[in-house]
There are 2 protein chains.
Amino acid sequence: MEERARRIVETAVELAEEGGFEAVRLRDVASHAGVALGTLYRRFRSKEDLLIAAFELETADLERRVAQRPPRGDDASERVRAFFGMATRGLIRRPNLARALLKAHAAGDPQLAKRTAAFHERLHDMVIAALRGARRVEAVPSEAERLLARALTRVWFSLLLGWAGGLHGQSTVIDEMGDCAELLVLGALSKDRSQRAP
Amino acid sequence: MEERARRIVETAVELAEEGGFEAVRLRDVASHAGVALGTLYRRFRSKEDLLIAAFELETADLERRVAQRPPRGDDASERVRAFFGMATRGLIRRPNLARALLKAHAAGDPQLAKRTAAFHERLHDMVIAALRGARRVEAVPSEAERLLARALTRVWFSLLLGWAGGLHGQSTVIDEMGDCAELLVLGALSKDRSQRAP
DNA sequence: GCCCGTATTGAAACACGTTTCACTGGGGAA
DNA sequence: TTCCCCAGTGAAACGTGTTTCAATACGGGC
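For clarity, every value in this text was computed on a predicted model and none was experimentally measured.

To continue, consider the side chain of T116(B). Among the structural elements, T116(B) can be located in helix α7 (residues 113–132). Setting aside residues no more than four positions away along its own chain, T116(B) makes contact with L167(A) and H105(B).

Taken together, 16 residues lie around DNA strand D, and T39(A), R43(A), R27(B), Y41(B) and K47(B) are the ones closest in. Protein-adjacent atoms of DNA strand D, using a 4 Å cutoff, are sugar or phosphate at a proportion of 70%. Between a phosphate oxygen of DNA strand D and a side-chain N or O atom of R25(B), the distance comes to 3.2 Å. The separation between a base nitrogen of DNA strand D and a polar side-chain atom of R27(B) is 2.8 Å. Among the elements that line the surface near DNA strand D, the one with the most residues is helix α3 (residues 37–43) of chain A, at 3 residues. Split into classes, the residues belonging to the surface near DNA strand D amount to 6 nonpolar, 3 polar and 7 charged.

Around DNA strand C, the surrounding shell holds 16 residues, and the nearest of these are R27(A), Y41(A), K47(A), T39(B) and R42(B). If you look at DNA strand C and keep only atoms within 4 Å of the protein, 65% of those are sugar or phosphate atoms. Measuring from a phosphate oxygen of DNA strand C, one finds a side-chain N or O atom of R25(A) at 3.1 Å. Of all elements in the fold, only α2 (26–33) and α3 of chain A together with α3 (37–43) of chain B reach the threshold of two or more residues within the surface near DNA strand C. Ranked by residues supplied to the surface near DNA strand C, first place goes to α3(B) with 3 residues. Partitioning the surface near DNA strand C into residue classes produces 6 nonpolar, 3 polar and 7 charged.

With that settled, consider the interface of chain B and chain A. Taken together, the contacts link 35 residues of chain B with 35 residues of chain A. Each partner contributes to the roughly 2800 Å² buried at the junction of chain B and chain A, and carbon and sulfur atoms together form 67% of this total. Three residues stand out in chain B for area buried against chain A, namely R154(B), L167(B) and L183(B), and they jointly supply 22% of the buried area on that side. At the boundary of chain B and chain A, one finds 6 salt bridges. Here E176(B) and R154(A) are joined by a salt bridge, their closest N and O atoms 2.2 Å apart. Linking chain B with chain A are 7 residue pairs in polar contact (both at pLDDT 80 or more). For the side of chain B that touches chain A, the secondary structure elements donating two or more residues are α6 (95–107), α7, α8 (143–164) and α9 (170–196) of chain B. Tallied by class, the residues present in the side of chain B that touches chain A amount to 18 nonpolar, 9 polar and 8 charged.

Under the defined criterion, the tally for this structure stands at 10 aromatic pairs over all chains. Between F84(A) and W156(A), the ring centres sit 5.4 Å apart and the planes meet at 50°, which makes this aromatic pair tilted. Here F84(A), found in helix α5 (residues 76–92), pairs with W156(A), found in helix α8 (residues 143–164); they are 72 residues apart in sequence, far enough to count as distant. In this structure, F84(A) and W156(A) share a single accessibility class: buried. Where F83(B) meets F84(B), the ring centres are 5.0 Å apart and the plane angle is 65°; that geometry is what we call edge-to-face.

Of the transformation placing chain B onto chain A, the axial shift is 0.0 Å and the rotation is 180°, giving an RMSD of 0.0 Å. With respect to symmetry, the two chain copies, as superposed, fit the operation of a two-fold axis. Using C-alpha coordinates, one finds that chain B approaches the rotation axis most closely at G187(B), a distance of 1.8 Å.

The next subject is the pattern of salt bridges. A side chain with one charge can pair with a side chain of the opposite charge if their charged atoms come near. Scanning the model with the defined rule gives 32 salt bridges over all chains in all. The partner of E17(A) in a salt bridge is R94(A), with the nearest N and O atoms 3.6 Å apart. With E17(A) in helix α1 (residues 3–23) and R94(A) in the loop between α5 and α6 (95–107), this pair connects stretches of sequence that are 77 residues apart. The exposure class of E17(A) is partly exposed, given its relative accessible area of 34%. Linking E56(A) and R115(A) is a salt bridge whose minimum nitrogen-to-oxygen distance equals 3.1 Å. Pair noted here: E56(A) is in helix α4 (residues 47–68) and R115(A) is in helix α7 (residues 113–132), with a separation of 59 residues, a long-range link. One network of salt bridges, with partners in common, ties together E143(A), R146(A), R150(A), R154(A) and E176(B).

Thresholds applied
Residues numbered from 1 in each chain as written. Chains lettered and ligands numbered in written order. Predicted model: local features only at pLDDT ≥ 70, side-chain atom pairs only at ≥ 80, totals over all residues. Heavy atoms only, no water. Helix = DSSP H or I, 4+ residues; strand = E, 2+ residues; numbered from the N terminus. Contact = heavy atoms within 4.5 Å. Near = heavy atom within 4 Å. Polar contact = N/O pair within 3.5 Å; in protein donor to acceptor, adjacent residues only side chain to side chain. Nonpolar A, V, L, I, M, F, W, Y, C, P; charged D, E, K, R; others polar. Buried area = accessible area lost by both parts, 1.4 Å probe. Salt bridge = Lys/Arg side-chain N within 4 Å of Asp/Glu carboxyl O. Phe/Tyr/Trp six-rings, centres within 6.5 Å; stacked < 30°, edge-to-face > 60°. Buried < 20%, exposed > 50% of the residue type's maximum accessible area, 1.4 Å probe, protein only. Least-squares fit on C-alpha atoms with pLDDT ≥ 70 in both.

Okay, structure coming up:
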């Protein structure tokens, strides 16, 4: 990302940290970043676009943290639980920012579908690495792994949205994510077994 | 709901069917429903509030359909799959409306948390009935059933949001929901077995 | 029939995302 | 150096969600 664009995104992150989604007033973002409103709109299609870009920065951060300290555990479900625990705490550490990013993500502008899909891919890779207990995904994932990763991230997003909407607290997100990880991993094992020996 | 409020919601539904979320301009809703803008705002806190009310109407519709034709299948996962198939098709039958309702739901205004929670409860009840193969939920649900129902509806919402955001089509929603239902139900069975005989 | 409190109305105003446009300044091509 | 192109600028305008407010209509109690 080019310098000017990065400054814009960083400004948006600062404002979001302070006051959440509504505090990211694009006029303010532009003036704090020292650019004109038109320049902001040349780089970003919309407010959502801008916040999705911010979400991508945060995800890169998560990737770094995961690379430095890969989620550990004796079995796949524990490692997955550890991974989502890291991810959840990392996000919720700055609640206003998290809510803003989630809101932009959940709005689901079809114009940003490609970016959103790429975003999910990055999460899936981290989940699959955690499932395998590997530092990085080397072998191409099996269909079962992909399904599992999609299911897990879907549950996670719903939980985060529930948190953002005030339906429950951070601990619910982490606890319930752990329970679901256990169910899904058990289910995948069980299915695998029944398919090998039908 | 009182007559005036119902007329407002129905008008919103009509506009949403035609042109989605943006087509629900509150000035238009008010004038088409024959009330002043202020009256609309006396009944509904916001555009989201209005569309959540519309979502509740649609859910009541789903409840009626499920009561008339309970999801059938030889095991729990097939019945759950059948239920979400019904629900998905019922919603996506009117894509513009569905996207509008989902967008309002996903915005997750904390002021509407209570309503949203009640909404989820209704879904969970239907899911648990499907799990049991019962017409209605008679016995109080076990914790395992609740967990399963929450996990399933969470996956479903994420899938719907993905559909609404153009990430994938209706068939992906239905197919992947089926796959996840299988995994989760298998996982729950497997966990149950290991807990009974550890 | 009269009075009062409350719901409703109509219209205006405000906030903010988004668009538009004429103007400027700087960097590369000739 | 001169010219051209175009990203950047500043300001205004627009649309729509939301708020406000004075004026009005209505329905129940006296």
